[in-house]
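Residue-level structure breakdown
Next come the chains, spelled out residue by residue.
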Amino acid sequence: MTSHINTAVAAGTWKLGDLTVNRVGFGAMRLTGSAAFDLGTPSDRERSIKVLRRAIELGVNHIDTASYYFSSLRSANELINRALAPYPDDLVITTKVWPGRDPSGAWWWATPEQLRGQVEENLRQLGRDHLDVVNLRVPPSRRTGSIAEHFGALADLRDAGLVRHLGISNATPEQLAEAQAVAPVVCVQNPYGVGAPAAEQEFLRACGEQAVAFVPFFAIAGAGREAGASATDSERVLAVARAHGVTPAQVRLAWTLHQGPHVLAIPGTGDPDHLADNVAAGALRLSEDEMARLSAPHQDSE
């Protein structure tokens, strides 16, 4: 019998609507270069394709991407299409709309009427006739504002068959309630990791109570965000890593997955070795004492 200890199967599954995914997935942001977007040097195309195919071999069946994940030479969606089409029957591809980037890389934000164009752009790049899950990525300037008009436009695209399920990203509890009143929400994708403030921890728990998946991003990078993880880790994280003979990144991922059965991980990398480590973190079991130490107040959040 094949062991699942170092595959994405080890962490268990969750359902995004009617779509079952392994809780350890893959984020495509770092496929396009040494840093996100156009912040670094473009990636080696064949290496990125190899990473994607290896992810599938390791049991990953949930990939997070966006049409605005591109560098000067690479597009995450194009790489996914090239590496994985025809797609495995169980593969769930999640994407995001509202932000966009023009060909020069400059950012823009869609009106509700422009969301269809963004959805269709993802469809073309991925070579699909529908998108499994589309997250409405809330801009920082709208964190306290209404998202009803934009989410309603996405709900119309869902009714039209272009989108199967809807989620929200970078959102607040109030915005989740607002969206739920328009159409079902299968996931919330927010920044979250070791050192998360109490309000974010409460939001994660509230999502679980509503059977809504919580999908943290920057679980490894923390405050480093798009630039990547800091070169230094807190002593608490390092101590747990030493005790288990694993990397600090694996501890951070395991801690995140331990937050609840509804929590999904989407770590991203362009490195085949880091990919294997990230997937293996799904099998890492932390003790109650280790969880308490990592979750203690005043934990740094680098």
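Above this text sits the structure in question.
Residues numbered from 1 in each chain as written. Predicted model: local features only at pLDDT ≥ 70, side-chain atom pairs only at ≥ 80, totals over all residues. Heavy atoms only, no water.

The next thing to look at is the packing of aromatic side chains. We describe a pair of aromatic rings using the distance from one ring centre to the other and the angle between the two ring planes. According to the stated counting rule, one finds eight aromatic pairs in the structure shown. Both rings, one in Phe-37 and one in Tyr-69, keep their centres 6.1 Å apart while their planes meet at 50°; by these two values the pair is tilted. With Phe-37 in the loop between strand 3 (26-27) and helix 1 (45-57) and Tyr-69 in the loop between strand 4 (62-64) and helix 2 (76-84), the pair connects residues that are 32 residues apart, well separated along the chain. Judged by relative accessible area, which is 11%, Phe-37 ranks as buried. With a centroid separation of 5.5 Å and 90° between ring planes, the pair formed by Tyr-68 and Tyr-69 is classed as edge-to-face. For Tyr-69, a relative accessible area of 7% corresponds to the buried category. (Phe/Tyr/Trp six-rings, centres within 6.5 Å; stacked < 30°, edge-to-face > 60°. Helix = DSSP H or I, 4+ residues; strand = E, 2+ residues; numbered from the N terminus. Buried < 20%, exposed > 50% of the residue type's maximum accessible area, 1.4 Å probe, protein only.)

If you check helix 3 (residues 115-126), its first and last C-alpha atoms are 17 Å apart, about what 12 residues at 1.5 Å a residue would give, namely 16 Å. All of the buried residues along helix 3 are Leu-115, Gln-118, Val-119, Asn-122, Leu-123 and Leu-126. When helix 3 is viewed along its axis, its buried side chains cluster within an angular range of 140° and face the same direction. Count one or two residues on from helix 3 and you reach Gly-127, which has phi positive near 70°. (Expected span 1.5 Å × (residues − 1). Arc of directions from axis to C-beta.)

A few words now on the side chain of Arg-74. Structurally, Arg-74 is set in the loop between strand 4 and helix 2. No salt bridge is formed by the buried Arg-74, whose closest oppositely charged neighbour, Asp-44, lies at an N-O distance of 6.0 Å. In contact with Arg-74, other than residues within four places in its own chain, are Thr-32, Pro-42, Ser-43, Asp-44, Arg-45, Tyr-69 and Leu-79. (Lys, Arg positive; Asp, Glu negative; His and termini not counted. Salt bridge = Lys/Arg side-chain N within 4 Å of Asp/Glu carboxyl O. Contact = heavy atoms within 4.5 Å.)

So, about the sheet that holds strand 10 (residues 187-189). The strand order 3-4-5-8-9-10-11 describes an open sheet built from seven strands, whose pairing is parallel. Only two strands of the sheet have a single partner each, and these edge strands are strand 3 and strand 11 (213-214). Contacts between helix 3 and the sheet are confined to strand 5 (92-97), strand 8 (131-137) and strand 9 (163-169), with strand 5 contributing the most and set at about 145° to the helix. (Pairing = 2+ DSSP bridges. Axes fitted to C-alpha atoms, helices over the stretch in contact; angles between N-to-C directions.)

Let us look at helix 8 (residues 248-257). Burial analysis of helix 8 places eight of its 10 residues in the buried class, which makes it a mostly covered element. Taken together, the buried positions of helix 8 are occupied by Gln-250, Val-251, Arg-252, Leu-253, Ala-254, Trp-255, Thr-256 and Leu-257. Buried residues in helix 8 make contact with helix 7 (235-244), helix 9 (272-280) and helix 10 (288-295).

With 82 residues, the main nonpolar core has Phe-26, Leu-52, Ile-80, Val-119, Leu-154 and Ile-168 as its most contacted residues. When sequence neighbours within four positions are dropped, the list of residues in contact with Leu-154 reads Val-97, Leu-115, Val-119, Val-134, Leu-136 and Leu-166. One finds Val-21, Val-133, Val-186 and Cys-187 within the second-largest nonpolar core, a separate group that totals 12 residues. (Core = buried A, V, L, I, M, F, W, Y, C linked by side-chain atoms within 4.5 Å.)

The subject of this paragraph is the environment of Leu-204. You can see Leu-204 is positioned in helix 6 (residues 198-209). Distance in space between the C-alpha atoms of Leu-204 and Phe-214 is 6.2 Å, their sequence separation being 10 residues. Those residues within four positions of Leu-204 in sequence are excluded, and the remaining contacts are Tyr-192, Phe-214, Gln-259, His-262 and Val-263.

Another aspect to go through is the environment of Arg-116. With respect to the element layout, Arg-116 can be found in helix 3. Residue classification places Arg-116 among the partly exposed positions, given a relative accessible area of 40%. Residues Arg-116 and Arg-293, spaced 177 residues apart in sequence, show a C-alpha to C-alpha distance of 46 Å.

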